[in-house]
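What the coordinates show
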Amino acid sequence: MHVTMLLCESAQEINGKLYILGGGWSVTGPGPFQWALAVRVEVPWDEANVRKKVRLFLHDADGHAVMLPGTQTPIELNAELEVGRPAGMPRGIPIDTAFAVQGMPLVLPSGRYVWRLAIGEREDDLWQVGFYVRPPQDRVDGVSSTR
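Described in the following lines is the structure provided in the data block. Fair warning: this is a prediction, and the values are worked out from it, not measured in the lab. (Residues numbered from 1 in each chain as written. Predicted model: local features only at pLDDT ≥ 70, side-chain atom pairs only at ≥ 80, totals over all residues. Heavy atoms only, no water.)

1. So, the sheet that holds strand β8 (residues 95-102)
- If you trace the 3 strands from one edge of the open sheet to the other, you get β1-β5-β8, paired in antiparallel fashion. Every other strand in the sheet has two partners, leaving β1 (2-8) and β8 as the edge strands with one partner each. Ignoring which end each strand starts from, the neighbouring axes of this sheet average 15° apart.
- As paired strands, β1 and strand β5 (residues 36-43) are joined by 7 bridges and run antiparallel to one another. Following the sheet pairing, Leu-7 is matched in β5 by Leu-37. (Pairing = 2+ DSSP bridges. Helix = DSSP H or I, 4+ residues; strand = E, 2+ residues; numbered from the N terminus. Axes fitted to C-alpha atoms, helices over the stretch in contact; angles between N-to-C directions.)

2. Details of the nonpolar core
- The biggest cluster of nonpolar side chains holds 32 residues, and the ones touching the most others in it are Met-5, Leu-37, Leu-108, Trp-115, Leu-117 and Phe-131.
- The set of elements that each furnish at least two residues to this core consists of β1, β5, β6 (52-60), β8, β9 (111-119) and β10 (122-133). (Core = buried A, V, L, I, M, F, W, Y, C linked by side-chain atoms within 4.5 Å. Buried < 20%, exposed > 50% of the residue type's maximum accessible area, 1.4 Å probe, protein only.)

3. So, unusual backbone geometry
- Looking along the chain, the bond that leaves Gly-29 and enters Pro-30 is cis, with omega of 0°.
- For Pro-30, the location among the structural elements is in the loop between β4 (27-28) and β5.
- Backbone geometry at Asn-15 places phi at a positive 50°, although glycine is not the residue there.
- Even without being a glycine, Asn-49 presents a positive backbone phi close to 60°.
- Locating Asn-49 in the fold gives a position in the loop between β5 and β6.
- Owing to a relative accessible area of 41%, Asn-49 belongs among the partly exposed residues under this scheme.

4. Brief notes about empty space enclosed by the protein
- Within the structure shown, the criterion is met by 1 cavity of 30 Å³ or more.
- Its boundaries defined by the atoms lining it, the largest cavity holds a volume of some 40 Å³.
- Every residue lining the largest cavity is listed: Met-1, Val-43, Glu-47, Val-50, Lys-52, Leu-81 and Val-83.
- Per-class residue counts for the lining of the largest cavity are 5 nonpolar, no polar and 2 charged. (1 Å grid on protein atoms, 1.4 Å probe; cavity = no way out; pocket = protein on both sides within 12 Å on 5 of 7 lines; lining within 4 Å. Points joined across faces, edges and corners; volume = space filled by probe spheres on them. Nonpolar A, V, L, I, M, F, W, Y, C, P; charged D, E, K, R; others polar.)

Set out below in C-alpha cells:
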C-alpha cells in the first residue's frame, strides 16, 4: 500500500477527490490551531474488497501518545476502510481511495508531533506527517510570529 498524508486547515473528500484549504503546513501555534488531515491510499488489487481497520494516532517527539487535554484518553481516530474494485478495471491495477479528517481546534504544548496511520495490522514509517508547535515566546526580528 502507498499512503500520502497532508496536514491542512480544512479538508473534504467528495466522490473520491480531496478538497484542501491551507494545505502543506508543518509549523503552527502558539495557541489554538485548526487542523485537518487529507489522506490518499493506493490499495493493491489483491487487497480490494477486504474491510480493514484504520487508526490515526497522535504522538509526541518521544513516541508517546498525546492525550486529550485534561484526560488520560489518547488522541486517536478509528474507522474502517473497504475499497471495491470498479467494474471493468484490469486485473492488477491498484485502486486509490481518499478520506479527510476535520479536527477540532487543538492547543498543544510547544514541541514536535506526528500523526501516524495504521491500516489493519500494518504500520509504515512513511505513513506519517509531522508538525511543530511554536513556543509562546517564538519571535522573529522582534515581532511575534504566527501562521
